[in-house]
Amino acid sequence: MTAGRVERDGAAARPVVRVGAPTERRNPDSVDLDLMSTRDVLTVINEADRRVPDAVAAVLDEITETVDLAVAALRGGRRVHYFGAGTSGRLGVLDAAELAPTFNSPRDWFCAHLAGGPDAMWRAVEDAEDDDRAGAAEATECVRPGDLVVGLAASGRTPYVLGALGASRTRGASTVLLCANPEADAASSVDVFIGVDTGPEVVTGSTRMKAGTAQKLVLNTFSTAVMVRLGRVYSNLMIDMVASNAKLRGRMISILMEATGRAEEICQAALQEADGDLKTALVSLVSGAEVAAARAALARSADQVRGALALLTS
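On a predicted model such as this, the values are computed, not experimentally measured, just so you know.

It is worth spelling out the overall build of the protein chain at this point. Secondary structure assignment for the protein chain yields 12 helices and 9 strands. Structurally, the protein chain occupies a C-alpha span of about 75 × 50 × 35 Å along its principal axes. Buried residues in the protein chain amount to 43% of all 314 residues. Across the protein chain, the fraction of contacts at a sequence separation of at least 24, relative to all contacts at a separation of at least 6, is 62%. Summed over its atoms, the accessible surface of the protein chain is roughly 15,900 Å², and 49% of this surface lies on carbon and sulfur atoms. Here the protein chain holds 33 positive side-chain charges and 41 negative ones, and the gap between their average locations is 3 Å.

Okay, the layout of surface pockets next. Estimated volume of the largest pocket: approximately 520 Å³. Contributing to the lining of the largest pocket are 26 residues, with Ala85, Gly86, Glu129, Thr158 and Thr207 lying nearest its centre. Among the elements that make up the lining of the largest pocket, the one with the highest residue count is helix α4 (residues 86-103) (4 residues). Its residues placed into classes, the lining of the largest pocket shows 11 nonpolar, 8 polar and 7 charged.

So, on to the pairing of strand β3 (residues 80-84). Judged by how many residues are buried, β3 sits mostly within the fold: 5 of 5 residues are covered. Going residue by residue along β3, you find Val80, Tyr82 and Gly84 tucked away on one face and His81 and Phe83 tucked away on the opposite face as well. One ladder, built from 5 bridges, connects β3 with strand β4 (residues 110-114); its direction is parallel. Each residue of the ladder has a partner; that of Val80, found in β4, is Phe110. Between the parallel pair β3 and β4, the chain is carried across by α4, and the sense of this crossover is right-handed.

Now for the environment of Leu278. Mapped onto the secondary structure, Leu278 falls in helix α10 (residues 278-287). According to the relative accessible area criterion, Leu278 is buried, its value standing at 4%. Here the alpha-carbon distance between Leu278 and Leu162, two residues 116 residues apart in the chain, equals 41 Å.

Burial analysis of α10 places 8 of its 10 residues in the buried class, the great majority of the element. Inspection of α10 places Leu278, Lys279, Thr280, Ala281, Leu282, Val283, Ser284 and Leu285 among the buried residues, and these make up the whole buried set. Buried residues in α10 make contact with β8 (233-234), β9 (237-238), α8 (246-260), α9 (264-273), α11 (291-300) and α12 (305-313). The N-cap of α10, judged by a side-chain oxygen 3.2 Å from the amide nitrogen of Lys279 a few residues on, is Asp277. Phi turns positive one or two residues past the end of α10, at Gly288, with a value near 80°.

Side chains of Glu129, Asp130, Asp131 and Asp132 sit close together on the surface and give a patch of like negative charge. Summarising the element assignment, Glu129 is placed in the loop between β4 and α5 (132-142).

Core analysis: the biggest nonpolar cluster contains 33 residues, and Tyr82, Phe110, Val196, Phe222 and Val226 have the highest contact counts within it. At the level of elements, α2 (52-57), α3 (60-75), β3, α4, β5 (148-152), β6 (174-179), β7 (192-195) and α7 (210-229) are the ones that each hand at least two residues to this core. Considering every element that reaches this core, the biggest residue donor is α7, with 6 residues. When neighbours within four sequence positions are excluded, Val196 is seen to be in contact with Ala55, Val56, Val59, Leu178, Cys179, Ala180, Asn181, Pro182, Ala214 and Val218. Core analysis: the second largest hydrophobic core is formed by 25 residues, Leu256, Leu282, Val291 and Leu298 among them.

What counts and how
- Residues numbered from 1 in each chain as written.
- Predicted model: local features only at pLDDT ≥ 70, side-chain atom pairs only at ≥ 80, totals over all residues.
- Heavy atoms only, no water.
- Helix = DSSP H or I, 4+ residues; strand = E, 2+ residues; numbered from the N terminus.
- Buried < 20%, exposed > 50% of the residue type's maximum accessible area, 1.4 Å probe, protein only.
- Contact = heavy atoms within 4.5 Å.
- Areas by Shrake-Rupley, 256 points an atom, 1.4 Å probe, with all protein chains shown as cover.
- Lys, Arg positive; Asp, Glu negative; His and termini not counted.
- Charge placed at Lys NZ, Arg CZ, Asp CG, Glu CD.
- 1 Å grid on protein atoms, 1.4 Å probe; cavity = no way out; pocket = protein on both sides within 12 Å on 5 of 7 lines; lining within 4 Å.
- Points joined across faces, edges and corners; volume = space filled by probe spheres on them.
- Nonpolar A, V, L, I, M, F, W, Y, C, P; charged D, E, K, R; others polar.
- Pairing = 2+ DSSP bridges.
- Right-handed = clockwise from strand over helix to strand, strands pointing away.
- Polar contact = N/O pair within 3.5 Å; in protein donor to acceptor, adjacent residues only side chain to side chain.
- Patch = residues over 30% accessible without salt bridge, like charges linked within 9 Å, V, L, I, M, F, W, Y side chains within 5 Å.
- Salt bridge = Lys/Arg side-chain N within 4 Å of Asp/Glu carboxyl O.
- Core = buried A, V, L, I, M, F, W, Y, C linked by side-chain atoms within 4.5 Å.

See below:
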């Protein structure tokens with residue numbers, strides 16, 4: 001990485017950084033991209049994308065460590081934070097936003113912080129990612145001891161993200177850096193380093209492509225596994241979902257039918273008796289217990305279906 005400054009229309013000199021991350025190198029498979037047919041452009045992109053899942057598979061041990069840290073934090077009444085900029089930050093916001101409707105997780109479990117604030121979801125905020133002090137200030141304000149902080153930075157060197165991670169360590173939080181640069185200097189300064197080796201992009205430096213796809217896969221894998229470990233999935237069924245529309249209300253009936261093998265009418269009646277609480281209806285139907293007993297068993301087992309069933313069938 002090299003740094004410098006450039007003038008802009010007589011204004012004050014602005015800092016320049018040349019990043020040497022693998023994501024900034026040229027991809028030999030796409031050097032004639034602008035001369036290709038539409039079909040060939042799509043083929044080159046698709047072939048590059050197909051390498052991403054294997055790159056994610058290579059860091060499953062590190063993702064496992066991160067899941068375990070997150071589960072421990074959430075069980076201890078702490079939170080998980082995402083700090084990112086640009087595409088990386090937007091993916092963090094998306095992942096955090098989807099957990100409440102999918103798993104009915106408390107909205108303060110996962111907190112997403114985006115360089116430049118909410119406006120940066122829709123447009124680039126000039127120089128926001130270069131402000132390490134802003135990242136540090138935001139982390140200092142909201143991160144608490146025992147939290148888990150995940151930094152999202154394709155290059156592994158984004159100042160806003162590194163500033164947040166440094167401040168979070170000082171606050172007593174566990175720290176993780178997720179990036180597409182296995183060579184990142186910051187690897188040694190976090191508790192877990194997830195460096196996904198996605199290589200050069202089809203369009204040089206466009207980390208919204210393979211690097212972004214890898215981050216999306218890792219975040220999906222990470223947060224879903226956390227919800228599974230916290231008992232928000234029974235078998236492979238979403239049992240903590242929020243039925244916010246007609247389709248999802250229908251899905252609740254389907255889930256009960258799949259989980260219990262009972263007829264639709266019986267599942268509808270059980271759900272109605274449980275005041276729309278899917279977990280309570282499920283425990284009641286599987287165990288044969290009354291709804292009140294199912295609800296009490298869930299309360300005694302920290303809202304865990306398997307635990308409640310064990311109490312009622314032991």
